[in-house]
Amino acid sequence: MNTPNIARETILNAFQFRHATKEFDATKTISNEDIDFILKTANLSPSSFGFEPWHFIVVQNKELRELLKPVAWGAPLKLDTASHFVLGLSMKAPMVKHDADYIMHMMKDVKQLPADVIEIYSKFYREFQERDFDLDTDKKLFDWSSKQTYIALGNMMTSAALVGIDSCPIEGFHQEKAEALLQEKFGVDTTKYGLSFMVAFGYRKAAPEFAKSRRNFEDVVSWK
Ligand SMILES: Cc1cc2nc3c(=O)[nH]c(=O)nc-3n(C[C@H](O)[C@H](O)[C@H](O)COP(=O)(O)O)c2cc1C
């Protein structure tokens, strides 16, 4: 693994280039290599304890995209024009609570931890959830998973921008109705997964309508 050595200006330029793209050029398609690259940066994202509490569904089927429109007020134009449209799912309590089978699977099969380490890790994870972070309700556990899935979202949008691909994060949807649809038509077990966000990828149809505006850097960062 080489130490990355990308020029700061190149990275900052990508951050300036990225904007929440309202409409994509429907005639342009992201290559398989590029979309795989973007999704791999989600897969490589950090997560608490390394338990990766997420799943991503790439919705390319036109009928399924149509079904999303009535439950996602922020998405119709993107559903029509984006090259790739991704649903960011986060794990709920039955997957991420300290005693869940999935957590054991992650420690045993994915991380291949030895039994004695699993024992220590399990205790530590339980204490973290119960004592340190007060993750004592289903809602809190889902929100905690969601926070982590948003890290993957940020990484996907940044990596897309670095290769000249546009994106738009979308929270403009009705969570309950969207999850009912996912359960019924997308084969998602919504007792285990909830919908955190949608994100569209493609190529901008036109230049951004507004110049990028941000608060003053000095108001955002303080040093002590
Ligand atoms: C979590 C999140 C949810 C968002 N939801 C929507 C949305 O539903 N529809 C939309 O057009 N833009 C959405 N945006 C885009 C923001 O409006 C946009 O990022 C913000 O105004 C800053 O503009 P910029 O991204 O172009 O720099 C969302 C952004 C974030 C981070």
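Residues numbered from 1 in each chain as written. Predicted model: local features only at pLDDT ≥ 70, side-chain atom pairs only at ≥ 80, totals over all residues. Heavy atoms only, no water.

Draft legend 1. Seen up close, the layout of surface pockets. Taken as a whole, the largest pocket spans an internal volume of roughly 430 Å³. Lining of the largest pocket is provided by 19 residues; of these, His19, Ala20, Pro208, Glu209 and Phe210 occupy positions nearest its centre. For the lining of the largest pocket, the residue count by class is 7 nonpolar, 4 polar and 8 charged. (1 Å grid on protein atoms, 1.4 Å probe; cavity = no way out; pocket = protein on both sides within 12 Å on 5 of 7 lines; lining within 4 Å. Points joined across faces, edges and corners; volume = space filled by probe spheres on them. Nonpolar A, V, L, I, M, F, W, Y, C, P; charged D, E, K, R; others polar.)

Draft legend 2. Structural context of the packing of aromatic side chains. Counted according to the given criterion, the structure contains 12 aromatic pairs. Consider the rings of Phe128 and Trp144, whose centres lie 5.7 Å apart with planes at 45°: the pair is tilted. Here Phe128, found in helix α7 (residues 115–132), pairs with Trp144, found in helix α8 (residues 138–162); they are 16 residues apart in sequence, far enough to count as distant. Like Phe128, the residue Trp144 is buried in the burial classification. We note Arg204 situated over the ring of Phe17; from NZ or CZ to the ring centre the distance is 4.1 Å. (Phe/Tyr/Trp six-rings, centres within 6.5 Å; stacked < 30°, edge-to-face > 60°. Helix = DSSP H or I, 4+ residues; strand = E, 2+ residues; numbered from the N terminus. Buried < 20%, exposed > 50% of the residue type's maximum accessible area, 1.4 Å probe, protein only. Lys NZ or Arg CZ within 6 Å of the ring centre and 35° of its normal.)

Draft legend 3. Focus on the site of the ligand. Taken together, 14 residues are adjacent to the ligand, and Ala20, Lys22, Lys78, Lys212 and Arg214 come closest. Within the side chain of Lys22, one N or O atom sits 2.8 Å away from an oxygen atom of the ligand. Taking Lys78, its side chain carries an N or O atom lying 2.9 Å from an oxygen atom of the ligand. When the ligand sits alone it has 630 Å² of accessible area, and the protein chains cover 63% of it. Among the elements that take part in the shell around the ligand, strand β3 (residues 166–170) stands out by supplying 3 residues, more than any other. When the residues that make up the shell around the ligand are grouped by side-chain class, the tally is 5 nonpolar, 3 polar and 6 charged. (Near = heavy atom within 4 Å. Polar contact = N/O pair within 3.5 Å; in protein donor to acceptor, adjacent residues only side chain to side chain. Areas by Shrake-Rupley, 256 points an atom, 1.4 Å probe, with all protein chains shown as cover.)

Without other data, these values stay purely geometric and don't point to any function.
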